[in-house]
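# Coordinates in review
Here's the letter readout for the chains.
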Amino acid sequence: MPVAATSAPRSRIAIVTLTIAILAVAAAAWELMAQAPQWARTDLRRTAELEGSELTNRLRLADRVLRSIASDVAANGSNSAPLGSTERLYFESVTFLRPGETPIQMLAASATVPELTPLMQQTVARGESVLVTTKGQGQQPATVTLVRALAAPSSDKAILAARLLPAYLWPATVAGPAASGLCVRESGGVTLHCTEPAAWDASTALKEELARSGEGRAWAGSNDHWQAAATPLQLASPFAASPWAVLVIAKSTGSGASMRPRAVLGLGALGAVVLAGFAASALLRRRPARTGPGPSDAHAPAGAAQDGGSEPALADADVARKMQYQQHAIQAMADIDRASLAHAGVDRMLVLASGHLLQCTGCAAVVLTVLDRGMLNRMTVVLAHADGAEGSPEQRAVDPSIEQLLTVPTNGSYLQQLSGFALLEPLATGGSTSAFVLPIHQDGQPVGLIALGCDEIAGVGADESANARAIAVRLGVALTSSVREEALYAHTHFDATTALPNRQYLIEHLPQHMSRARRDGGKMVLLFVDLDGFKNVNRSAGHSRGDLVLAEAAARMRECVREEDLVTRFGGDEFVVVLPRVASGLDARRVADKLLVALALEFQIEDAVFQLGCSIGISIFPDDAQTVDTLLRSADSAMFDAKAAGRGRYAFYDATVNRTAIDRNALELELRRAITNEEFVVYYQPQIDLRNGRIDGVEALVRWNHPVRGLVSPFEFIGVAEQSGLIAQIGELVMLQACKQFHEWDELGIAPLRISVNVSSLEVTRGDLVARVDRVLSESGLRPMHLELELTEGVFLEESGDNLNKLVELRHRGVRIAVDDFGTGYSSLGYLRRLPIDVVKIDQTFVRELGSGKDASSIMQAILDVAHGLGKSVVAEGVETEQQRAQLLAMGCDVGQGYLWSRPLPAREFQAFCQEWRVLSRPVALETA
């Protein structure tokens, strides 16, 4: 029958198919057993490297803390003050020792100072730290002590010995997968620390094998088989110590030191497969033939033989995927450690962790958040997708639901409903129906969380969740280390009473300010401020109120300076203010005046009132000193000079500068009075057309008619007027007076073509020049075409868009623009083409050198040619001889101005000069002085 005829071939096919499937499973199992030891060794080596990096970082951080303690002791000259809570995070004891003296315990009750080898003594004398280990009793961990001198090179051989806190130094658990213990061994085989007794025993058993191993792994055992990986820690630099080795040890679960156990297992599996094949064949032969399909056939899945043959391949891929996930988890922890050591910040660590979490769990999206330290109700959030770009940190207000999320167990918890949690909404938007949430702990307190988006509750397997937990733990360690670093830096660089940077901060940052001032060609000013009478506050009201006075004084000083300036507490009642960028050392006077006023006000502290004041010493870099130490000494010396002069005042280190500052202060006060009393007058000097001898224009020049000193030249007060900001008021007074006078001459019919008024760069940059000119023209009645503004080259060289717009607007009104003293600055003939200039006034130094050499004539001719080529008029200043006039005329110069024709004259005399000049047939050379 057809069905019966085909049953025998079908049975044979089934037997062959079943045998092939079983053999495939056995082959896959054989291959997995062959690869398992290599995978295990890879995991252990990575874990050993990671733990070694962690231990090295802890040693370096502790060394930085000890260096800070040594610096404070050396700077303050005190070794008896107990250390604070920050140091207790790192050390169980800190001992100060000077040869021949009794040790002083700065932390803890007592501790033995270890003996140093000659090499260690040399290292300490150079100012470096050394690491000394003392073997523990039995299986107790060894003690590790850092020793360093107070200063380098050491003068009195005083040292600090700090014994590291075991809970800080030695790891309590192992972060890597499949590891049962961790040990740290010193060169020579001495075990310093192990996480558990079993690991200690295994470490001893593996000692010889590890010594012979060239690849950092070893196998050993009789009944028990152990597997280990080691990574070296080279401590010769900077600790002058013998190398350490970090061992990660695991108990073998089936892979031994040789191939024999694996071969026996493999042969046994093969035998079982063959027997199973024969048994299946016998059963099929004994089974009666069927004449038709049975009920079991109706429910058999299609393609059953193919599914059976693919199971080993699927298992192989699953194991490979899990191993790849573990490698990503280990890489994540290493990246977080490196970022922490490099002070990359919390944001960067969260971004790194987010990418690795997706790679080591297979999830589609992840949300990380950490509560911000020092910022209430703020948190940092990073969202990353498996198919998207690197996540970016975002600052947000704290989501109220985060408190509930932070209460999940340390091992994590699943959330089947994402609604109600605003923080997790991006996961739901991305298609996740649930989330696996892990807390991030810092010093035992939850400060953040990891939320992995899942498609279903089983979306994160046991191995994947273990990877996520390892990353969460490492993030917590990094955050804790970051907090300790910040606390340490704040402790060593900021004053607790005033919250100001302290002496250490000042000494570290002053060189940077000095270098910047040197590079920019500027000056840096140091003000050494000492509170007058502060000791009476401590004596009469106690130190607690004295601290409140210091805090209030610090707040007042911060209000007296710019944001870029630095206010520091140098020690006691002494403060140092740094002005890193000043145009002149004399500008420190303004800040000193503000400080004197602010600190002279009453201090209302609780129910007491204190009247203090201050004395200030000022030193200038680079004028007074070239180094930090000498600059501070100079300011300190000047401060004592101020105290000796009667307190409540300031003094410059240099007596000449001090005298100049006093004179300048007096001059500024007199200038203010002169503006009020209208003591400024205008003198006028004619400008002569060299081609026809006519008066082409007149320049208005300011003079100060001092009630005691008489007529004062502008060279004596213009600089102070510009530095004090009074130049704008003076300039407007001069412009208004000159324009009114010119309008009178114009009505008389004796006025030249135009009047030139000087305008300082400060008036252009800071003042509303256009509005001021409009106001002057309106009040004087002068037409814009008769006004010419003379500006120095500096205004044009800056090429500020705002400055140029002002000048262009004035030219549109009809006002002419002249560049004064051309050639004295960084002159460029090129900018004559680009800028709104009508007249070029050549400085008198070029005119004075005419006839003395070929170069002066060539330069003058070049200026004239370029200016005329661009349509500019040229005025030569300082013409004093007939020879100069003739030579300028021959070169083609348009206008001359100087003592050859007239010195600056008062208004009446200039009017007479113009009337006389008009009736003469040729130019008249007046007598020069």
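Residues numbered from 1 in each chain as written. Predicted model: local features only at pLDDT ≥ 70, side-chain atom pairs only at ≥ 80, totals over all residues. Heavy atoms only, no water.

## Considering the overall build of the chain
Regarding its fold elements, the chain presents 31 helices and 32 strands. In the chain, the proportion of contacts linking residues at least 24 apart, taken out of those at least 6 apart, comes to 63%. Roughly 44,800 Å² of accessible area belongs to the chain as shown, and the carbon and sulfur atoms make up 53% of that amount. (Helix = DSSP H or I, 4+ residues; strand = E, 2+ residues; numbered from the N terminus. Contact = heavy atoms within 4.5 Å. Areas by Shrake-Rupley, 256 points an atom, 1.4 Å probe, with all protein chains shown as cover.)

## Examining the sheet that holds strand β17 (residues 523-531)
Read from one edge to the other, the open sheet built from five strands follows the order β18-β19-β17-β22-β23, with strand pairing classed as mixed. Both edges of this open sheet fall to β18 (566-571) and β23 (650-652), since each of them pairs with a single strand only. Each adjacent strand pair in this sheet contributes to an overall mean axis angle of 20°, direction not counted. Where β17 lies against strand β22 (residues 614-621), eight bridges are found, and the strand directions are antiparallel. Pairing of Val529 across the sheet is with Ile616, part of β22. Across the sheet, helix α19 (residues 628-644) lies against β17, β18, β19 (574-582), β22 and β23, angled at about 145° from β22, the strand it touches most. (Pairing = 2+ DSSP bridges. Axes fitted to C-alpha atoms, helices over the stretch in contact; angles between N-to-C directions.)

## Brief notes about the sheet that holds strand β16 (residues 445-454)
The six strands lie next to each other as β13-β12-β11-β16-β15-β14, forming an open sheet whose pairing is antiparallel. Pairing within the sheet leaves two strands with one partner each, and these edge strands are β13 (394-397) and β14 (413-415). Averaged over all adjacent pairs, the angle separating strand axes in this sheet is 30°, with direction ignored. By the bridge criterion, seven bridges tie strand β11 (residues 365-371) to strand β12 (residues 378-385) in an arrangement that is antiparallel. Following the sheet pairing, Ala365 is matched in β12 by His385. Most of the contacts of helix α11 (residues 346-361) go to β11, to which it runs at about 150°, and overall it touches β11, β12 and β16.

## As for the state of the cysteines
In the structure shown here, the tally under the stated rule is one disulfide. Two residues, Cys183 and Cys194, share a disulfide whose sulfurs are 1.8 Å apart. Note on the Cys183 and Cys194 pair: the S-S dihedral is about 115°, so by sign convention the disulfide is right-handed. Here the residue Cys183 occupies a position in strand β6 (residues 181-186), and Cys194 occupies one in strand β7 (residues 190-194), the gap between them amounting to 11 residues. In this structure Cys183 comes out as buried when scored by relative accessible area, which is 0%. The class for Cys194 is buried, based on a relative accessible area of 10%. With no disulfide partner, Cys360 has as its closest neighbouring cysteine sulfur the one in Cys363, 8.7 Å distant. Cys560 carries a free sulfur, and the closest cysteine sulfur to it, the one in Cys614, is 9.2 Å from it. (Disulfide = S-S within 2.5 Å. Buried < 20%, exposed > 50% of the residue type's maximum accessible area, 1.4 Å probe, protein only.)

## Looking at the packing of aromatic side chains
The full count for this structure, using the stated rule, is 13 aromatic pairs. Centroid distance Phe680 to Phe717: 5.7 Å. Interplanar angle 50°. Geometry classified as tilted. Of the two residues, Phe680 sits in strand β24 (residues 680-689) while Phe717 sits in the loop between β26 (710-712) and α21 (718-724), which places them 37 residues apart along the sequence. Of the two residues, Phe680 and Phe717, neither departs from the other in class, the shared state being buried. Seen in terms of ring centroids, Trp704 and Phe717 are 5.7 Å apart; in terms of plane orientation they differ by 80°. Their pairing is edge-to-face. Highlighted residues: Trp704 in strand β25 (residues 695-706) and Phe717 in the loop between β26 and α21, separated in sequence by 13 residues. For the pair formed by Trp704 and Phe717, the shared burial category is buried. Following the ring pairs from residue to residue traces out a cluster consisting of Tyr684, Trp745, Phe910, Phe913 and Trp917. Its guanidinium or amino end placed over the ring of Phe603, Arg556 lies 3.8 Å from that ring's centre, counting from NZ or CZ. The positively charged end of Arg703 is found above the aromatic ring belonging to Tyr683, 5.7 Å away from the centroid. (Phe/Tyr/Trp six-rings, centres within 6.5 Å; stacked < 30°, edge-to-face > 60°. Lys NZ or Arg CZ within 6 Å of the ring centre and 35° of its normal.)

## Focus: the pairing of strand β2 (residues 104-107)
Examined bridge by bridge, strand β1 (residues 91-97) and β2 share three bridges and lie antiparallel to one another. Bridging across to β2, Phe96 finds its partner in Ile104. Where β1 folds back onto β2 in an antiparallel hairpin, the turn is made up of six residues, including Gly100, whose phi is positive at roughly 85°.

## Side note on the pairing of strand β28 (residues 787-792)
Taken across its six residues, β28 has five buried, putting it largely inside the fold. Relative to β28, strand β27 (residues 754-758) runs parallel, the two sharing four bridges. By the bridge assignment, Ser756 is partnered in β28 with Glu788. In the sheet, β28 pairs with strand β29 (residues 816-822) via five bridges, with the strands oriented parallel. The residue of β29 that forms the bridge with Glu790 is Ala818.

## Let's talk about the packing of helix α17 (residues 543-559) against helix α18 (residues 588-600)
Running from amino to carboxyl end, α17 crosses α18 at an angle of 145°, the nearest separation of the two axes being 9 Å. Judged by the twist between their axes, the crossing of α17 over α18 is right-handed. Facing Ala553, Arg556 and Met557 of α17, the residues of α18 in contact are Leu595, Ala598 and Leu599. Of the residues assigned to the contact of α17 with α18, the class counts are five nonpolar, no polar and one charged. (Left-handed = near helix turned anticlockwise from the far one by under 90°. Nonpolar A, V, L, I, M, F, W, Y, C, P; charged D, E, K, R; others polar.)

## A closer look at the pattern of salt bridges
Scanning the model with the defined rule gives 36 salt bridges in all. Here Arg673 makes a salt bridge to Glu670, at a shortest N to O gap of 3.9 Å. Linking Arg673 with Glu670, this pair stays in helix α20 (residues 655-677), spanning three residues, or about one helical turn. Since its relative accessible area comes to 23%, Glu670 is described here as partly exposed. Note that Glu809 is salt-bridged to Arg813, the shortest N-O span being 3.2 Å. (Salt bridge = Lys/Arg side-chain N within 4 Å of Asp/Glu carboxyl O.)

## Observations regarding unusual backbone geometry
The residue after Phe621, namely Pro622, is reached through a cis peptide bond having omega 5°. With respect to the helices and strands, Pro622 occurs in the loop between β22 and α19. Phi angles above zero are rare outside glycine, and Ala240 is one such case at about 50°. Mapped onto the elements, Ala240 comes out in the loop between α7 (236-239) and β10 (244-251).

## Brief notes about the nonpolar core
General note: in soluble globular proteins, nonpolar side chains tend to be found buried as a group. Residues Leu787 and Leu789 are the most contacted members of the largest nonpolar core, which totals 76 residues. With nine residues, helix α22 (residues 727-748) is the single largest residue contributor to this core. (Core = buried A, V, L, I, M, F, W, Y, C linked by side-chain atoms within 4.5 Å.)

## Focus: α11
Taking 1.5 Å as the rise per residue, α11 with 16 residues should run 22 Å; its terminal C-alpha atoms sit 22 Å apart, in good agreement. Every buried residue of α11 is listed here: Val346, Met349, Leu350, Val351, Leu352, Ala353, Ser354, His356, Leu357, Leu358, Cys360 and Thr361. Backbone geometry just after α11 places Gly362 at a positive phi near 80°. (Expected span 1.5 Å × (residues − 1).)

## A word on the packing of helix α16 (residues 534-541) against α17
Axis separation between α16 and α17 bottoms out at 7 Å; the angle between their running directions is 145°. Residues Phe534, Val537, Asn538 and Ala541 of α16 pack against His543, Arg545, Gly546, Val549 and Leu550 of α17. Class assignment for the residues of the contact of α16 with α17 results in five nonpolar, three polar and one charged.

## Some thoughts on the confidence of the model for the chain
The predicted coordinates of low-pLDDT regions are not to be read in fine detail. Of the residues in the chain, 76% reach a pLDDT of 70 or more, and the chain-wide mean stands at 77. Note on residues 213-223: pLDDT under 50 across the span, and 29 contacts to partners over four residues away in sequence or across chains. Taken together, the stretch residues 921-929 has pLDDT below 50 and engages in 17 contacts with residues farther than four places along the chain or on a different chain. (pLDDT = per-residue confidence, 0-100.)

## Quick notes on the side chain of Glu186
Structurally, Glu186 is set in strand β6. Buried charge without a partner: Glu186 forms no salt bridge, and the closest opposite charge is Lys135, 9.3 Å away. Within polar-contact distance, the side chain of Glu186 engages the side chain of Thr133 at 2.9 Å. A polar contact is formed between the side chain of Glu186 and the side chain of Ser242, at a distance of 3.3 Å. For Glu186, the residues in contact, after removing those within four places along its chain, are Thr133, Leu192, Ser242, Pro243 and Trp244. (Lys, Arg positive; Asp, Glu negative; His and termini not counted. Polar contact = N/O pair within 3.5 Å; in protein donor to acceptor, adjacent residues only side chain to side chain.)

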